[in-house]
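The primary structure of each chain is shown beneath.
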Amino acid sequence: STYSKNKTDFVLWAPTATSVLVSIDNKGENIIRPMDRCEKGVFRASVQGDFKHATYVYLVRVNGKVVEACDPYALSSTANGERSAIIDLEDAFFEKDETELSALKNNVDAIIYECSVRDMTSSIHSGSSSHGYFESLSQPHTKFKGKSTGIDYLTKLSVTHVQFMPVNDFATVDELHKDRAYNWGYDPLSYFSLEGSYSKKPNDPYDRIKTFKHLIVELHKRNIRVNIDVVFNHVYDTEMTSFSRIVPYYYFRYNDSGYLSNGSYCGNDIDSTKLMVRKLIIDNIKMWINLYKIDGFRFDLMGIIDVDTMNKIYSEAKRLNPNIMIYGEGWNMPTYLSNEHKSTIENNFKLPGIGHFNDYFRDSLKGKSSDNERYDKGYLTGNYGMVYEMMSSLVGNSVNGNHFQRFVDPNHSINYVEAHDNLTSWDKVKECCKSETREVRMQRHKLLIACTLFAQGVPFIHSGQEFCRTKLLYSNTYNMKDDVNKMDWERMVQNYDIVNYTKACILLRKELEGFRLPNSKEISEKVTFRVLDNVVLEYNIKHVDKKVNINGIKVIINPTEYARNYGYDENYITLMDQNGYTTKSTVTKNIHVEPYSLVVCALV
């Protein structure tokens, strides 16, 4: 629907419908108008009057029955997606986003921080005056025991991008009683409307728009870009979605026997190869960029979407925002689509500019993540035989030769050891390093954070990872209530030394170009490794960095129980040790590394 003061225009694509009515509720007055069938199965109606605060549904006669459906393109709705809302764009998006963000030259310059809008302020210790809403997170000056929380906490971490878990309207939280249920939001109901449980006024279609827009403006003012998680691989329930009600059987992928494809393991797969499905996805991405100034997109189960659609999304998004980031889960899911057409890691050479979560990186550093492999170790958790896998990981799997190459470019590799899925890395270390003391596990945990931030590629941190977030050893907490999923600000205060350590790693990565080499050619020319004492890894970056006046970087990673000393012919200054930034700037030819730690040294 397109609003103007004197009329509203309605447009619906329903090629198999024999008739369509639009039913408008304007402050209690019900108005029903027939829509005209026009070219290519598009129904249109223009209704005179001022419908700024009206809602509507479509009554579609299809397959001999009349069904009621919301508008798949509606920008907002009443609570629980009951009715679509007519939106006056000038009013809803009145707040201007004037911030000029510093340019993002390459994706490797980004540091992504994943969080849930609800989790960030759901705890009573968050210091915010409300909990779990868009407006709660945009509230400044919130604290717990003198330490910043919420948006100020994100600012002080110095990440470049916040990635929100789904903010579009999802199905399984009752928006009128949000505290009765919890969900991450990977159960889409509407793609263009925001989730109403993130608004204090779920029945006011404007409030969710205004408060989310304000949150983005506030993050941009702090020079933090905003990425959002989009779920174009499945819907929560095919029968309840507008897609099936308006154009039955069109939007979903079926196998040769006529059954729904289920590569998502959620009961259905969206068929991105259909032209109007592809158009809807691209239109949705353009809407987020144009109206909300979103800076990037993380595609859930991206391997279910076809390569042509992803490339069209990227080119359209890049045209609107040259600094756009697009990345996703490139797992090869068993959807009914040939492997050559899936947007998988294996096909990353067909997807220039699009990143993929690097599970090889995760498993090499930390150990495998599934429930039946929780005791499996990686290099940093005690399997020192994986030192060569560690080398391939530290170059973002983007060079060949002695390394395992997966990606054509380091910008393709999203490096992570923890995300919302699976055990948190703290819980994983607790399981696979059970016999070690808490202090040793803390040191290993710091190594996981540091190596994620110092590897070539794009670093990705999950919220709370920097203070040893626990989910009580649960691996999939998508519906497990706030007490498990909340950001635990008490734990943040308790482990603030690790928060400070993470900040130091982030600032060092930002400061040193050598950790952000933009292409595989430079990495293969400048990065070398040596294995010391059969277990310790020396990671050398021969990059002359005139901005900070150094001639190279040496990182020595010691995941063992013994301290190590190494002598060199060149002079080095230690920039970082097990405690974070060092204040001593002694020039030396000898480098000392404590157990379960790494040091970063500059060649001078």
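Look a little higher up for the structure.
Not measured: the values here are computed from a predicted model.

Caption draft 1: Here's a closer look at the overall build of the chain. Assigned secondary structure in the chain consists of 16 helices and 26 strands. Whereas a compact globule of 604 residues would reach a radius of gyration of roughly 25 Å, the chain reaches 25 Å, a difference of no more than 12%. By principal-axis analysis of the C-alpha atoms, the chain measures approximately 85 × 55 × 45 Å. Here the chain displays about 23,100 Å² of accessible surface, and carbon together with sulfur accounts for 49% of that area. Taking the average location of the 73 positive side-chain charges in the chain and that of its 76 negative ones, the two points are 2 Å from each other.

Caption draft 2: The sheet that holds strand β6 (residues 42-48), seen in detail. Here we have 4 strands laid out as an open sheet, ordered β1-β2-β6-β5, and antiparallel in their pairing. Of all the strands in the sheet, the pair left with one neighbour each is β1 (2-4) and β5 (36-37). With 2 bridges connecting them, β5 and β6 associate as antiparallel partners. Note that in β6 the partner of Arg-37 across the bridge is Phe-43.

Caption draft 3: Examining the packing of aromatic side chains more closely. Within the structure shown, the criterion is met by 31 aromatic pairs. Judged by centre distance (5.0 Å) and plane angle (65°), the rings of Trp-13 and Tyr-250 are edge-to-face. Here Tyr-250 lies in the loop between α6 (242-246) and α7 (275-292) and Trp-13 lies in strand β2 (residues 7-13), a separation of 237 residues in the sequence. Grouped by ring-pair contacts, the aromatic residues Phe-93, Phe-134, Phe-164, Phe-170, Tyr-198, Phe-212, Trp-288 and Tyr-292 constitute a single cluster.

Caption draft 4: Representation of helix α5 (residues 205-221) in the model. The end-to-end C-alpha distance of α5, which contains 17 residues, comes to 25 Å, matching closely the 24 Å that a straight helix rising 1.5 Å per residue would cover. For α5, the side-chain oxygen to backbone nitrogen distance between the N-cap and Tyr-206 is 2.9 Å, and the N-cap itself is Asp-204. Looking one or two places after α5, you find Asn-223, whose phi comes out positive at around 60°.

Caption draft 5: Layout of the packing of helix α12 (residues 438-454) against helix α15 (residues 496-511). Relative orientation of the contacting elements α12 and α15 amounts to 20°, with a least axis distance of 9 Å. Considering their axes alone, α12 and α15 lie roughly parallel with respect to each other. Here α12 and α15 pass one another in a crossing that is right-handed. Counted together, Met-442, His-445, Lys-446, Ile-449, Ala-450, Leu-453 and Phe-454 of α12 and Ile-498, Tyr-501, Thr-502, Cys-505, Ile-506, Leu-508 and Arg-509 of α15 form the full contact between these two elements. Residues that form the contact of α12 with α15 fall into these classes: 10 nonpolar, 2 polar and 2 charged.

Caption draft 6: Broad picture of the environment of Asp-409. Mapped onto the elements, Asp-409 comes out in the loop between α10 (387-394) and β18 (413-415). Measuring from C-alpha to C-alpha, the distance between Asp-409 and Ile-523 comes to 9.6 Å, with 114 residues separating the pair along the chain.

Caption draft 7: Up close: the pattern of salt bridges. Throughout the structure, instances matching the rule amount to 36 salt bridges. The residue Arg-516 makes a salt bridge to Asp-109 at a minimum N-O spacing of 2.8 Å. Pair noted here: Arg-516 is in the loop between α15 and α16 (520-526) and Asp-109 is in the loop between α1 (89-92) and β10 (112-115), with a separation of 407 residues, a long-range link. For Arg-516, a relative accessible area of 17% puts it in the buried group. Taking the shortest distance from any N to any O, the salt bridge between Glu-538 and Lys-554 comes out at 3.3 Å. Here Lys-554 lies in strand β22 (residues 552-558) and Glu-538 lies in strand β21 (residues 536-541), a separation of 16 residues in the sequence. Accessibility classification places Glu-538 together with Lys-554 in one group, the buried group.

Caption draft 8: Up close: the side chain of Glu-95. With respect to the secondary-structure elements, Glu-95 resides in the loop between α1 and β10. Within the buried set, Glu-95 has no salt-bridge partner at all; the shortest N-O distance to an opposite charge, 5.2 Å, is to Lys-221. In terms of polar contacts, Glu-95 uses its side chain to reach the side chain of His-214, at 2.9 Å.

Caption draft 9: Molecular detail of the environment of Asn-63. Mapped onto the elements of the fold, Asn-63 is located in the loop between β7 (55-62) and β8 (65-69). For the pair Asn-63 and Ala-17, spaced 46 residues apart in the sequence, the C-alpha separation amounts to 7.5 Å.

Caption draft 10: Summary view of the sheet that holds strand β17 (residues 354-358). Here 8 strands make up a closed barrel; going around it, the order is β10-β13-β14-β15-β16-β17-β18-β19 and the pairing parallel. Shown here is a sheet whose adjacent strand axes are inclined to one another by a mean of 30°, direction ignored. Strand contacts of helix α8 (residues 307-320): β15 (296-299), β16 (325-328) and β17, with the helix running at about 160° to β16, the strand carrying the most contacts.

Caption draft 11: Local environment of the nonpolar core. Core analysis: the largest hydrophobic core is formed by 149 residues, its most contacted members being Phe-164, Phe-212, Phe-297, Phe-299 and Ile-557. Sorting elements by how many residues they give to this core places α7 first, with 9 residues. Each residue touching Phe-299, except ones within four places of it in the same chain, is listed here: Val-230, Phe-232, Ile-285, Ile-305, Met-310, Ile-313, Ile-326, Tyr-327, Gly-328 and Glu-329. Grouped together as the second largest cluster of nonpolar side chains are 18 residues, Trp-331, Met-333, Ile-414 and Phe-460 included.

Caption draft 12: Main features of the packing of α7 against α8. Relative to each other, α7 and α8 sit at 25°, their axes nearing to 10 Å. Between α7 and α8, the angle falls in the class roughly parallel. You can see that α7 and α8 cross each other, and the crossing is right-handed. Residues Arg-278, Ile-281, Ile-282, Ile-285, Lys-286, Ile-289 and Asn-290 of α7 form the contact with α8, whose participating residues are Asp-308, Thr-309, Lys-312, Ile-313, Glu-316, Ala-317, Arg-319 and Leu-320.

Caption draft 13: Broad picture of unusual backbone geometry. Of note, the phi angle at Lys-481 is positive, near 75°, even though the residue is not glycine. Here Lys-481 is to be found in the loop between β19 (458-462) and α13 (482-485). If you check the backbone angles, Asn-534 has positive phi at about 70° while not being a glycine. Structurally, Asn-534 can be placed in the loop between β20 (527-532) and β21.

Caption draft 14: Representation of the state of the cysteines within the structure. Summed over all chains, the structure comprises 0 disulfides. In this structure Cys-451 is not part of a disulfide, and its nearest cysteine sulfur, from Cys-505, lies 8.9 Å away. Between Cys-601, a cysteine without a disulfide, and Cys-505, which holds the nearest cysteine sulfur, the sulfur-to-sulfur distance is 14 Å.

Caption draft 15: The pairing of β19, seen in detail. Taking burial as the measure, the 5 residues of β19 include 5 buried ones, the bulk of the element. Of the two faces of β19, the one carrying Val-458, Phe-460 and His-462 and the one carrying Pro-459 and Ile-461 are both buried. For β10 and β19, the ladder comprises 3 bridges, and the chain directions are parallel. Considered in β19, the bridge of Ile-112 is made with Phe-460. Pairing between β18 and β19: 2 bridges, direction parallel.

Parameters and conventions
- Residues numbered from 1 in each chain as written.
- Predicted model: local features only at pLDDT ≥ 70, side-chain atom pairs only at ≥ 80, totals over all residues.
- Heavy atoms only, no water.
- Helix = DSSP H or I, 4+ residues; strand = E, 2+ residues; numbered from the N terminus.
- Rg over C-alpha atoms; globule rule 2.2 N^0.38 Å.
- Areas by Shrake-Rupley, 256 points an atom, 1.4 Å probe, with all protein chains shown as cover.
- Lys, Arg positive; Asp, Glu negative; His and termini not counted.
- Charge placed at Lys NZ, Arg CZ, Asp CG, Glu CD.
- Pairing = 2+ DSSP bridges.
- Phe/Tyr/Trp six-rings, centres within 6.5 Å; stacked < 30°, edge-to-face > 60°.
- Expected span 1.5 Å × (residues − 1).
- Polar contact = N/O pair within 3.5 Å; in protein donor to acceptor, adjacent residues only side chain to side chain.
- Axes fitted to C-alpha atoms, helices over the stretch in contact; angles between N-to-C directions.
- Parallel < 35°, antiparallel > 145°, perpendicular 65-115°, else oblique.
- Left-handed = near helix turned anticlockwise from the far one by under 90°.
- Contact = heavy atoms within 4.5 Å.
- Nonpolar A, V, L, I, M, F, W, Y, C, P; charged D, E, K, R; others polar.
- Salt bridge = Lys/Arg side-chain N within 4 Å of Asp/Glu carboxyl O.
- Buried < 20%, exposed > 50% of the residue type's maximum accessible area, 1.4 Å probe, protein only.
- Core = buried A, V, L, I, M, F, W, Y, C linked by side-chain atoms within 4.5 Å.
- Disulfide = S-S within 2.5 Å.

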